[in-house]
Structures are given as structure tokens and as C-alpha cells.
Amino acid sequence: MTDSPTAPIALPHAFFDRDAQVLAQDLLGKVIRHKVGDVWLGARIIETEAYYFAEKGSHASLGYTEKRRALFLDGGHIYMYYARGGDSLNFSAQGPGNAVLIKSAYPWVDAISGPASLAQMLLNNPDAQGRPRTPQKLCAGQTLLCKALGLKVPDWDAKRFDPERLLVEDVGVPTVNVIQTTRLGIPLGRDEHLPYRFVDAAYAPWCTRNPLRRGQVEGRDYFLLA
């Protein structure tokens, strides 16, 4: 947590107009803010996945459609789709068909996204029994993240960021160590071996799947980047 100015400052579009893997790493530690009513909901990005047009794991590799239009627009467009019945958030990167999936995040509380933000996110995303989740589990997956932040496909797909409603901010808290490993949920034969998943090592226990869990070996299952 850190002190913040009275209004969030959006990252420029140029930040997103870079190679997908570079963008995926640099998004770690940045904060997504979505304004709902008078409250800025906030979540620190802790896990991302890069996707390229030229590899089989990406949606873009299936070809251009109107639904996938955002993937082929300039870096900094929002691409949202439904995964297992929930909403998923992606940002287009440099080059047609390249993008970054925001895989998981961690609730962020500061002077802009205060206690009311966390309270609203807990209401947005209860567990299967209707009970509040722990903060650690609130955004621990791509659909959980969108549900907690109140992000919906019809509202944001193929849109640019709106500094009055939805943005990504650098709050000045760097990610010290990054874990690089393979992506999750990629079918066999669809380039599942590519190490395009990036995790903030400090938050590894609370991402979609902990890359540092028992049995994982550095240099074989993951790489630790300074």
C-alpha cells in the first residue's frame, strides 16, 4: 500500500504499444482502476500471459472476426471475452493479433481506492456459498478479477481506456522478482510449451496457480528474472 494523489494517472497508450512479453512483464505491479459510482475499485496486477498472432495458443491465430477485432487494433485497446462463463480482460500489444491477458491480481487499497473499494469488491465477488472471499482469493483468476472489479464484456470490449472510468496506473511500487513459466489452460498441440506466463514472485501464492508450489524446479518448470 502507498500514498496516492487525489486522482489516478493513466498510463499512456504508448506504454501498451510494445512487444507482448515486454508488456506482460511491465504490467506486473501496475494497478487497474475501475470507477463504479463514486468509488475507484483497484487491483494490483500479479500475473499475466502474453499471446502472439503467430502462435497457436492465441485467439488471434484463429483469424480475424468482428469479435476479435480489438486484438488487431493498436496497442492499448481492451479485448474482453467470456471464459467458463465469466469475463476476461486483455490488452492489445504491439503488432496485429498480439495481446496480454490479465490472469490475476490482488486488491489494492490506497488514498484513491480506499476501504470502500475493497468492501465493494468483496460484495461483487462472493464465494459459491455467498460468503465474502478472503482478499487473497478475491482476484485470484481472470474471471474472479473481472467480477471483483465489475468489468463486463459488453461495456469494454474493443474500447480504449477511459481516464474517467477505467485505466491502468503506475503507483510507483516496483515488482522486484518476476517468475517466467508456461501459460495455463492451453490445449495440447497449441504451443502449450511456450514460457509466456509472468508472475510477481512476491504474490506467487495468490495467483491462478502458484509456480513455486511443491515439486516445481527452477530452471526446469520456471525461471526467476531479476
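Residues numbered from 1 in each chain as written. Predicted model: local features only at pLDDT ≥ 70, side-chain atom pairs only at ≥ 80, totals over all residues. Heavy atoms only, no water.

Draft legend 1. Inspection of the environment of Pro 126 at higher detail. Its place among the elements puts Pro 126 in the loop between α3 (115–124) and α4 (135–138). Separated by 48 residues in the primary sequence, Pro 126 and Ile 78 place their C-alpha atoms 25 Å from one another. (Helix = DSSP H or I, 4+ residues; strand = E, 2+ residues; numbered from the N terminus.)

Draft legend 2. Main features of the pairing of strand β6 (residues 166–169). What you see with β6 is no split at all: Leu 166 and Val 168 on one side and Leu 167 and Glu 169 on the other are buried throughout. In this structure, strand β1 (residues 31–36) lies alongside β6, joined through 4 bridges in antiparallel fashion. What sits directly across from His 34, in β6, is Leu 166. (Buried < 20%, exposed > 50% of the residue type's maximum accessible area, 1.4 Å probe, protein only. Pairing = 2+ DSSP bridges.)

Draft legend 3. Region of the structure containing the pattern of salt bridges. Inspection of the entire model under this criterion finds 11 salt bridges. Residue Glu 47 pairs with Arg 197 through a salt bridge whose shortest N-O separation is 2.7 Å. Placement of Glu 47 in strand β2 (residues 39–51) and of Arg 197 in strand β8 (residues 197–200) is noted, with a sequence separation of 150 residues between them. With respect to burial, Glu 47 and Arg 197 carry one shared label: buried. Residues Arg 183 and Glu 55 are paired through a salt bridge, measuring 2.7 Å at the closest nitrogen-oxygen approach. Taken together, the residues span a long stretch of sequence, with Arg 183 in the loop between β7 (178–181) and β8 and Glu 55 in the loop between β2 and β3 (78–83) at a distance of 128 residues. Summarising the burial analysis for this pair, Arg 183 and Glu 55 share the class buried. Counted as one network, the salt bridges with shared partners bring together Arg 33, Asp 110 and Glu 169. (Salt bridge = Lys/Arg side-chain N within 4 Å of Asp/Glu carboxyl O.)

Draft legend 4. Helix α5 (residues 142–149), seen in detail. Among the residues of α5, Gln 142, Leu 145, Cys 146, Ala 148 and Leu 149 are the ones counted as buried. Here the buried residues of α5 occupy an arc of 165° about the axis, which is enough to place them on one side. Gly 150 lies just past α5 and shows a positive phi near 70°. (Arc of directions from axis to C-beta.)

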